[in-house]
Amino acid sequence: MGAAAVAVIRLRNPPVNALSLTALQALEDGLKRADADPSVKAVMICGENGKFSAGADIRGFSSPKRHGIALGPIISLIEKSEKPVVAAIEGIALGGGLEVALGCHYRIAHVKARMGLPEVTIGLLPGAQGTQRLPRLIGVPAALDIITTGRHIPATEALKLGLVDEVVEENTVEAAIRLANKVIGQPLGPRRLSLKPVPKLPNMEAFLREALVKVKKQAHGCLAPELCFQAVKAATEQTFADGVRKEQELFNILLTSGQAQALQYAFFAERAVQKWTTPSGASWKSASPQPIHKAAVIGLGTMGRGIVTSLVKANIPVVALEQNLEYLNMGRKAVMLLLEREAMKMEQGAQTLRFHNPARLQFTVDFDVLQDVDLVIEAVFENMALKKEIFQKISRICKPGAFLCTNTSALNIDEIASATRCPQQVIGTHFFSPAHVMRLLEIIYGLHTSATAIATAMQLAKALKKVGVVVGNCFGFVGNRMMFPYVQQAVFLLEEGSRPEAIDQVLEDFGFKIGPFRMSDLAGLDVGWRSRKGQGLTGASLPPGTPARQRHGHRYSPLPDLLCENGRFGQKTGKGWYQYEKAGGRTAKPDPWLHNFLAQYRDTHHIKTRFIDQEEILERCLFPLMNEGFDILAEGIASGPEHLDVIYINGYGWPKHRGGPMFHASTIGLPRVLAKLQKYSEAHPDVPGLRPSAFLKKLVAMGNPPLKDWMSYLSRQSNKL
Ligand SMILES: CCC/C=C/C(=O)SCCNC(=O)CCNC(=O)[C@H](O)C(C)(C)COP(=O)([O-])OP(=O)([O-])OC[C@H]1O[C@@H](n2cnc3c(N)ncnc32)[C@H](O)[C@@H]1OP(=O)([O-])[O-]
């Protein structure tokens, strides 16, 4: 209890004051005590350690002991209180935490606090009456935006919206107690949100119709946003009590939909990968990152420009280096354009981005400027000889402790490191395009990479607001290695009778933001072509007499090479797997030329065309991708299935509500995945990617254990060896 007439209830459950059953019980007990105590005239609710609350305990949603004390009735109890209740919001008030605050009669927030209803991001809706109270407080458009996107609102915006009554810069708890004292005795009726009508809009029906179209378009098959919408719509049509019943009904649908489980798995997976380990025993526990006061980026192509932008946004001073003045000037212009755009976006959120100061961003062609940087990211062309030349040079110029990172999507980190005198400082940092937007950073350690280098790269990822995933060194690392068999199958399906638009549609219906052919057109077909020429799979170095559709005894499709030979590089040339309105166009249209070309190709190679149904398209593309994942786990390239899933969700457009490829495999059931791979492998014995992984077979033989136990079967296996 606090001083004088104001009782203080403090939510206490470190680290984020999640509303566990114990925390809820304490809240209920506190309210009842305050109600019964005649000396208490008002109540103030705050959170321990400068955080109000991150909401319900997410682990509780999948716990069998979930039933018991519920949040909704406690919030009703708060609102019904005859004594004024004030919420003092510091740090965060999210989900159930914000719903508690909405039950209070007054809300004060610290200027640095953030609020939001992020339930939609974990596959749920604000199921403690939040969908009914928020529209009553701030109106339908703002409530719908907050509830269907889950975005965090800064305190200043919350004040403008009317979500909070006051924002303070000093002690929030003291301010809340002052306010509580002030409002003692004032009527509470107008402060009870459940009694307020939802503010009317002149065109509510039309507004809701348009809003639904937008919500569905952005959902890519995820259920939660649409059900959030329906709950808010109910608030506009029904009484508070009926709206709450509808909210409960929709909440229960989501809770048992499977998508909520996948999204909650993804939430914890993202946190689990922060705790990295390597097979040699290095780990996040013992390694400490080194501070990065200044960084450099070598190469200002598409990737380099994005990386420079990312570093500037993270407030890390950068040297941007190119091989000659012509490229430097081109790169400088492009970087400045990106930064101007980012600055504009940030201004909308009341932030500023400073980059015109040469101490923060310096462009140069002089390698000697790299002498005092703490970290270099090389982002030149994917060419081993060139990369080695650069690494040899920078290992001579940079100070001994500098970290030397290479942005590569497939090349061998050890070979690059071998060109230096300090292989322990060399590490792979695989950014995804556009590098200032995409969240994933694959961090690849080589044979000699030090634990400090890994910890520093992970820290850098965090500073860049990215999710870093530590993986081992192999061709294509994790993401691209799993992508190869997926893309390969998509092309084989074309040979067998399908079309790019049919295959893309199936994968986009599954939830991918973009199917494999649209993706290939976007990225440019020439990239893979160059790499295949380098590997001797096509082009002049191919030995005469090599069969058109076979390499090293395995099935090979020359289709992508043939498209490139026809000058079809994708969007950049206006033609690829699709046709575009012009070179650089973005709207993909099915191309009769390609259909005709495919028909001729099948005739030439005597391939009998057959109808391929959606199920086969999906399984032929996804199962080999998962299969590769099992091999990656068995080889120790990644330390758990969560790593693979985080990579796919954040770097490859895998639908988050399906939890990632390995989680998806576990929900389908490993015996089914194995049986299908066996079937397809028998039909296509010359495709190694369809041959079931030994680790997958082992897990099936062990009775299809849950995903969290997979790795223990691996260690048992290797212990025996
Ligand atoms: C019933 C009716 C409807 C109500 C629904 C809800 O409220 S749904 C809920 C709606 N709320 C949300 O969706 C909010 C989800 N949370 C967040 O967005 C962020 O965690 C953050 C912004 C609160 C803090 O970010 P940050 O970068 O400063 O820190 P960090 O992210 O690393 O977290 C630190 C530790 O706390 C853990 N943990 C966190 N929250 C929860 C939780 N609710 N539960 C359990 N655990 C949680 C997290 O796993 C981690 O544990 P670890 O790995 O150390 O063992």
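Below or above, wherever it landed, is the structure these notes cover. Fair warning: this is a prediction, and the values are worked out from it, not measured in the lab.

### A short note on the nonpolar core
- Membership of the largest hydrophobic core comes to 101 residues, with the highest contact counts inside it found for Leu370 and Ile394.
- Sorting elements by how many residues they give to this core places helix 23 (residues 614-634) first, with nine residues.
- Non-local contacts of Leu370, meaning those with residues more than four positions away in its chain, are made with Ala296, Ile298, Val319, Leu321, Ile394, Ile397 and Cys398.
- Counting residues in hydrophobic clusters, the runner-up holds 66 residues, among them Leu24, Leu137, Leu163 and Leu254.

### Some points on the sheet that holds strand 1 (residues 6-11)
- Strand order in the open sheet formed by five strands is 1-2-3-5-8, and the pairing between neighbours is parallel. Of all the strands in the sheet, the pair left with one neighbour each is strand 1 and strand 8 (166-168). Strand-to-strand twist in this sheet, taken as the mean axis angle between neighbours without regard to direction, amounts to 20°.
- With three bridges joining them, strand 2 (residues 42-47) and strand 3 (residues 85-89) adopt parallel strand pairing. Note on strand 3: the bridge partner recorded for Val43 is Val85.

### Comments concerning the environment of Gln505
- For Gln505, the position within the fold is in helix 18 (residues 500-510).
- The exposure class assigned to Gln505 is partly exposed, which follows from its relative accessible area of 39%.
- Once the C-alpha coordinates of Gln505 and Gln614 are considered, the two residues, 109 residues apart in sequence, prove to be 9.2 Å apart.

### Things to note about the site of the ligand
- Taken together, the neighbourhood of the ligand is formed by 23 residues, with Ala54, Ala56, Ile58, Gly96 and Arg271 sitting nearest.
- Contacts to the ligand include Ala54, whose backbone N or O atom sits 2.7 Å from a nitrogen atom.
- A distance of 2.7 Å separates an oxygen atom of the ligand from a polar atom in the side chain of Arg271.
- In isolation the ligand exposes 1,000 Å². Once the protein is present, 73% of that is buried.
- For the shell around the ligand, the secondary structure elements donating two or more residues are strand 4 (92-94), helix 3 (96-103) and helix 11 (259-272).
- In terms of residue count, helix 11 provides more of the shell around the ligand than any other element does, three residues in total.

### Quick notes on the sheet that holds strand 7 (residues 153-154)
- On the basis of which strands lie adjacent, the open sheet formed by three strands has the order 4-6-7 and mixed pairing. Two strands in the sheet have a free side with no partner beyond their single neighbour: strand 4 and strand 7.
- Bridge analysis of strand 6 (residues 114-116) against strand 7 gives two bridges, and the strand direction is antiparallel. Residue pairing for strand 7: Arg114 is matched across the bridge by Pro154.
- Strand contacts of helix 3: strand 4 and strand 6, with the helix running at about 90° to strand 4, the strand carrying the most contacts.

So, how was this worked out
Residues numbered from 1 in each chain as written. Predicted model: local features only at pLDDT ≥ 70, side-chain atom pairs only at ≥ 80, totals over all residues. Heavy atoms only, no water. Core = buried A, V, L, I, M, F, W, Y, C linked by side-chain atoms within 4.5 Å. Buried < 20%, exposed > 50% of the residue type's maximum accessible area, 1.4 Å probe, protein only. Helix = DSSP H or I, 4+ residues; strand = E, 2+ residues; numbered from the N terminus. Contact = heavy atoms within 4.5 Å. Pairing = 2+ DSSP bridges. Axes fitted to C-alpha atoms, helices over the stretch in contact; angles between N-to-C directions. Near = heavy atom within 4 Å. Polar contact = N/O pair within 3.5 Å; in protein donor to acceptor, adjacent residues only side chain to side chain. Areas by Shrake-Rupley, 256 points an atom, 1.4 Å probe, with all protein chains shown as cover.

Read these as geometric descriptors, not functional statements.
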